[in-house]
Structures are given as structure tokens and as C-alpha cells.
Amino acid sequence: MIMQKTTMTKKETAEKNRKWYTIDATNITLGKLSVAVANLLRGKNKVDFNNNVDCGDYVIITNASNVKLSGNKELKKFWYSHSGYIGGLRKRSGKEMLEKYADELVYLAVKGMLPKNRLSRRIITKLHVYKDQGIDHKAQNPISYKIK
């Protein structure tokens, strides 16, 4: 019986094998979109996935303003942020987030799906979210990715 060695993915080899994916967020539920994008960013779709190495791909999300919120979240869910100053609490409804801050809404949803550590702060920089068609990334040769 021949024993094969287990190989660990290294940072240098992971950087060479990165791809660019583009996702159209039109009529996709925010939860399904954020889970799929988080898995692509981490590299969980690859055979040589390693959770302590950034082996994920780049993701471009277009038409973020057309994403769907399930249930009654447009009216009943609120997103909060605080400036750090007295009275600096900001409260936004789901409807307001979709109309004015759709790119921030998708960004925060994907960020929430990533692990809370130093590596995830490096991983989230590979995400590009645009409200509409956004900037054209033809030079990167992005692959169209369909979410089921």
C-alpha cells in the first residue's frame, strides 16, 4: 500500500490560481446571494480549500439594487450604525437600504457570512459591489456565475 502525502495550500500558489466571477443580483434573495458569494470569496468551491489560507476568488456583484429581501424585512428589519459620538445612532429600514444603500446592504450581508478574524478582513477586499452595472472589468476576464 502506497501512502500519499497530504499537501497544504500555500499563499503563493493560491494567488496564482485566482479567478474573477461576476454575479447579477437581479431577483436573488439576499441570503442566498451572500452565502454563495462568501463561499466563493473563501474558496470553499475549490478542491484545495484550506481555512487558514486565503485561497478564494474575486467576486463582482452588479445590480445590487434589484436584490430581494425575504419576508417582511423591508418594513420590519432595521440596520443600525453608530458614529461614536453622543446621539450618533443611525437607523435605516430595509426599504431605505434597498433604495439608497443597496451596495452597502449586500456588502454587510456578505461580511456577516465570513468568519470574524484577521483573514476575513483580507478576504472581504476581493469583493466589488455595484448598485447598477458598475465599472466594466473586462481586463480581468470575469466568469459569469449563476446562483440557483
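Let me sum up the structure you'll find in this document. None of these values were measured; they are calculated from a predicted model. (Residues numbered from 1 in each chain as written. Predicted model: local features only at pLDDT ≥ 70, side-chain atom pairs only at ≥ 80, totals over all residues. Heavy atoms only, no water.)

## Let's talk about the nonpolar core
(1) Moving on: Ranked by internal contacts, the top residues of the largest apolar core, which has 29 residues, are Leu33, Val37, Val59, Ile61, Leu105, Val106 and Leu127.
(2) Moving on: Put simply, the parts of the chain that give this core at least two residues each are β1 (20-24), α2 (30-42), β2 (58-62), α4 (94-100), α5 (102-113), α6 (118-123) and β5 (127-129).
(3) Moving on: Counting residues per element, this core draws most heavily on α2, which supplies 6 residues.
(4) Moving on: Ignoring anything within four residues of it in the chain, the contact list for Val37 reads Ile23, Val59, Ile61, Val110 and Leu127. (Core = buried A, V, L, I, M, F, W, Y, C linked by side-chain atoms within 4.5 Å. Buried < 20%, exposed > 50% of the residue type's maximum accessible area, 1.4 Å probe, protein only. Helix = DSSP H or I, 4+ residues; strand = E, 2+ residues; numbered from the N terminus. Contact = heavy atoms within 4.5 Å.)

## Digging into the side chain of Asn50
(1) Moving on: Relative to the assigned elements, Asn50 resides in the loop between α2 and β2.
(2) Moving on: Excluding its chain neighbours within four sequence positions, the residues that come into contact with Asn50 are Met8, Thr9 and Cys55.

## Thoughts on the pattern of salt bridges
(1) Moving on: Across all of its chains, the model carries 5 salt bridges by this definition.
(2) Moving on: Arg18 is the partner of Asp54 in a salt bridge, and the nearest nitrogen-oxygen pair spans 3.3 Å. Linking Asp54 in the loop between α2 and β2 with Arg18 in the loop between α1 (11-16) and β1, this pair joins segments that are 36 residues apart in sequence.
(3) Moving on: A salt bridge links Lys46 to Asp57; the shortest N-O distance between them is 2.9 Å. Of the two residues, Lys46 is situated in the loop between α2 and β2 and Asp57 in the loop between α2 and β2; the sequence distance between them amounts to 11 residues.
(4) Moving on: Judged by its relative accessible area of 0%, Asp57 falls in the buried class.
(5) Moving on: Residues participating in the shared-partner salt-bridge network are Arg18, Asp54 and Lys126. (Salt bridge = Lys/Arg side-chain N within 4 Å of Asp/Glu carboxyl O.)

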